[in-house]
Amino acid sequence: MALLKVKFNQKKRVKLAQGLWLMNWFSVFAGIIVFSMGLFLKIELRKRSEVMDNAESHFVPNSLILMGILSCAFNGFAGKICYDSLDPTKFAKWKPFLKPYLALCFLFNILLFLVALICFLMRGSLENTLAHGLKNSMKFYRDTDTPGRCFMKKTIDMLQIEFKCCGNNGFRDWFEIQWISNRYLDFSSKEVKDRIKSNVDGRYLVDGVPFSCCNPSSPRPCIQYQITNNTAHYSYDYQTEELNLWSRGCREALLHYYASMMSSMGAVVLLVWLFEMSVMVGLRLLHTSLESVTNPEDPECESEGWILENSLKDTFKSTLESLKKIGKFNQVEAGAEGAEGEEGGKTPAVATVS
């Protein structure tokens, strides 16, 4: 029994073709939206590529761009088919291509659904990329005189100001790295010498943070040096008092920004996928209804359209049987080739008479 069998007359077939033509051009517009989202996300990731560990995070925007291009191509082609289906003579030339095209549409919709899921599931990979990237970038904060790294201070400062964050996981991350360049240290000072000697790696570590970590909303002037020294500041206790620094780490801030963006894009792609599925189903009904016309010379005759010629169970069984036959055919061919090789390799025995 056919799946979703529907009876059509000439009027219904024309309405279905016209409706699908319009839906396909809406799908082309949806493909442009998906392409634009991918391009926008790629630009946003490129803006902060210096604080990311690798290019893995670009898999999502690249996938969206590819799906957008394919959607425009597939739906533009389908729109042409639907338009020509109104004329039986024009539709005849598309008949050999419809089954392969529908199979490609099915694969495209599977890929589109997977891309939508990836938009929701890439949070973990993005988090690792940001964690390692920010950690490495903070080490280069002081290298303002090093070619290729002189921009890193400005990049991190602007990042912390824009996203209202400090450090990788928090402001204490700055205590573990030397973020002040040696160019601005007085090595004749006893304090500087003692700090460098007290560190195994010979780094100048302080309990301070860059100015960009300061929260301008705080009523107290920013305390960015000697943060853990209560005696260095009047009426101050860093363990109990709310500091006038951004408490959120930049990894968390960037992760929330990009993850919420990709989740919204994933929801849009899911809607596009549902629309594409409805277009594919409609195109299949149009295809089968036109193929089942009993008398092509009578355009007014009725016909039947369906999604699958048999039920899901029967279709699955027939597909498995076809795959098994293909496998057996390949095995027979391989066995025949092996037998021919063995026969060809045999050396005829030569009898000698003494």
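What counts, and at which threshold
- Residues numbered from 1 in each chain as written.
- Predicted model: local features only at pLDDT ≥ 70, side-chain atom pairs only at ≥ 80, totals over all residues.
- Heavy atoms only, no water.
- Disulfide = S-S within 2.5 Å.
- Helix = DSSP H or I, 4+ residues; strand = E, 2+ residues; numbered from the N terminus.
- Buried < 20%, exposed > 50% of the residue type's maximum accessible area, 1.4 Å probe, protein only.
- Polar contact = N/O pair within 3.5 Å; in protein donor to acceptor, adjacent residues only side chain to side chain.
- Contact = heavy atoms within 4.5 Å.
- Patch = residues over 30% accessible without salt bridge, like charges linked within 9 Å, V, L, I, M, F, W, Y side chains within 5 Å.
- Areas by Shrake-Rupley, 256 points an atom, 1.4 Å probe, with all protein chains shown as cover.
- Salt bridge = Lys/Arg side-chain N within 4 Å of Asp/Glu carboxyl O.
- UniProt positions renumbered as here; feature names shortened; annotations may be inferred.

(A) Here's a closer look at the state of the cysteines. Taken as a whole, this structure holds three disulfides when the rule is applied. Here C165 pairs with C250 through a disulfide, and the sulfurs are 2.1 Å apart. Handedness here is read from the sign of the S-S torsion; for C165 and C250, about 85°, the answer is right-handed. Of the two residues, C165 is situated in the loop between α6 (152-163) and α7 (190-197) and C250 in helix α8 (residues 250-291); the sequence distance between them amounts to 85 residues. C250 carries the same exposure label as C165, and that label is buried. One disulfide bridge connects C166 with C213, the sulfur atoms lying 2.1 Å from each other. Because the sign of the S-S torsion sets the handedness, a value of about 85° for the bond joining C166 and C213 places this disulfide among the right-handed ones. Highlighted residues: C166 in the loop between α6 and α7 and C213 in the loop between α7 and α8, separated in sequence by 47 residues. When sorted by exposure, C166 lands in the same class as C213, which is buried. Each bonded cysteine in the chain gets a number by its place in the sequence, and the pairs come out as 1-6, 2-3, 4-5.

(B) Quick peek at unusual backbone geometry. Here K164, not a glycine, exhibits a phi torsion of approximately 55°, which is positive. Owing to a relative accessible area of 49%, K164 belongs among the partly exposed residues under this scheme. Backbone geometry at Q226 places phi at a positive 50°, although glycine is not the residue there. Turning to its location among the elements, Q226 is positioned in the loop between α7 and α8.

(C) Examining the side chain of S137 more closely. On the secondary structure map, S137 appears in helix α5 (residues 123-139). Since its relative accessible area comes to 2%, S137 is described here as buried. A distance of 2.8 Å separates a polar atom in the side chain of S137 from the backbone oxygen of E50. Beyond its immediate sequence surroundings of up to four residues, S137 is in contact with E50, V51, M152 and I156.

(D) Geometry of a nonpolar patch on the surface. Together, L104, F106, L107, I110, L111, F113, L114, L117, F120 and L121 line one region of the surface with nonpolar side chains, adding up to about 900 Å² of accessible area. Its location among the elements puts F120 in helix α4 (residues 95-121). F120 gets classed as partly exposed once you look at its relative accessible area, which sits at 36%.

(E) Fine view of the UniProt feature "transmembrane region" (unreviewed entry) in the chain. Residues given the UniProt feature "transmembrane region" (unreviewed entry) here are residues 20-41, 62-81, 101-122 and 255-275. Its end C-alpha atoms 31 Å apart, residues 20-41 is made of 100% helix and 0% strand. As annotated, residues 62-81 comprises 100% helix and 0% strand, and the C-alpha atoms at either end are separated by 29 Å.

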